[in-house]
Amino acid sequence: MDAAFAHPLWIVAGILLIFAGFWLFRWSRRNSASAEIAAATTEAAVNKLLKNPAAKVPAGAPKPAKKRAAANFRNAMAQLAGIVGLLMILAGLVYAVFGIFYSGE
């Protein structure tokens with residue numbers, strides 16, 4: 001009796017790629033810049049409402065340029081992880097489909 005699927009290792013590899021792709025995709029969605037933009041918008045709206053001048057930066061705080069550079073890097077890595085995650089999901093689907101239907105003879 002032949003196995004129901006021609007290449008079970010390809011199917012397992014495909015399922016693992018799909019799970020890893022979803023994990024990367026979720027991580028990238030959590031680390032996007034949308035939360036930072038929403039917080040900055042809210043802070044600007046509250047300051048305008050209260051007619052406060054721009055918030056004062058404490059002496060020991062890191063410079064805004066360094067904070068912005070770190071946020072830009074984190075956003076770029078989140079975008080890259082999202083793209084890689086999407087490609088891993090697609091590759092996992094292809095592996096699983098070929099593992100099921102490809103006979104190789």
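Residues numbered from 1 in each chain as written. Predicted model: local features only at pLDDT ≥ 70, side-chain atom pairs only at ≥ 80, totals over all residues. Heavy atoms only, no water.

S.K.: How should the overall build of the protein chain be read in this particular structure?
M.R.: Counting secondary structure elements, the protein chain contains three helices and zero strands. Taking all 105 residues of the protein chain together, 16% fall into the buried category. Long-range pairs, those at least 24 residues apart, make up 95% of the contacts in the protein chain with a sequence separation of at least 6. Entry remark: accessible area of the protein chain is about 8,400 Å², with carbon and sulfur atoms responsible for 71%. (Helix = DSSP H or I, 4+ residues; strand = E, 2+ residues; numbered from the N terminus. Buried < 20%, exposed > 50% of the residue type's maximum accessible area, 1.4 Å probe, protein only. Contact = heavy atoms within 4.5 Å. Areas by Shrake-Rupley, 256 points an atom, 1.4 Å probe, with all protein chains shown as cover.)

S.K.: When you look at the confidence of the model for the protein chain in this model, what are you seeing that I'm missing?
M.R.: The share of residues in the protein chain with pLDDT of 70 or more is 76%, and the mean pLDDT across the chain is 80. Taking the mean pLDDT of every element in the protein chain, the minimum, 73, falls on helix 2 (residues 34-50) and the maximum, 91, on helix 1 (residues 8-30). (pLDDT = per-residue confidence, 0-100.)

S.K.: Is there a simple way to explain the packing of aromatic side chains in this structure?
M.R.: For any pair of aromatic rings, the description rests on two quantities: the centre-to-centre distance and the angle between the ring planes. All chains considered together, the criterion is met by one aromatic pair. Arranged with centres 5.9 Å apart and planes meeting at 15°, the rings of tryptophan 10 and tyrosine 102 form a pair that is stacked. Note that tryptophan 10 is positioned in helix 1 and tyrosine 102 in the segment after helix 3 (64-101), a separation of 92 residues in sequence. (Phe/Tyr/Trp six-rings, centres within 6.5 Å; stacked < 30°, edge-to-face > 60°.)

S.K.: Any chance you could explain a nonpolar patch on the surface here in plain terms?
M.R.: On the surface, Phe5, Leu9, Trp10, Val94, Tyr95, Val97, Phe98, Ile100, Phe101 and Tyr102 cluster together into a nonpolar patch covering about 1,000 Å² of accessible area. Considering every element that reaches the nonpolar patch, the biggest residue donor is helix 3, with six residues. Taking the relative accessible area as the measure of exposure, tryptophan 10 reaches 34% and is therefore partly exposed. (Patch = residues over 30% accessible without salt bridge, like charges linked within 9 Å, V, L, I, M, F, W, Y side chains within 5 Å. Salt bridge = Lys/Arg side-chain N within 4 Å of Asp/Glu carboxyl O.)

S.K.: Would you explain the environment of arginine 30 in this entry?
M.R.: In this fold, arginine 30 is placed in helix 1. Residue classification places arginine 30 among the exposed positions, given a relative accessible area of 53%. Each C-alpha atom of the pair arginine 30 and alanine 78 lies 8.3 Å from the other, and the pair is 48 residues apart in sequence.

S.K.: In this structure, what is going on with the environment of isoleucine 83? I would like to understand it.
M.R.: Secondary-structure assignment places isoleucine 83 in helix 3. Put simply, isoleucine 83 and phenylalanine 25 are 58 residues apart on the chain and 7.7 Å apart in space, counted from C-alpha to C-alpha.

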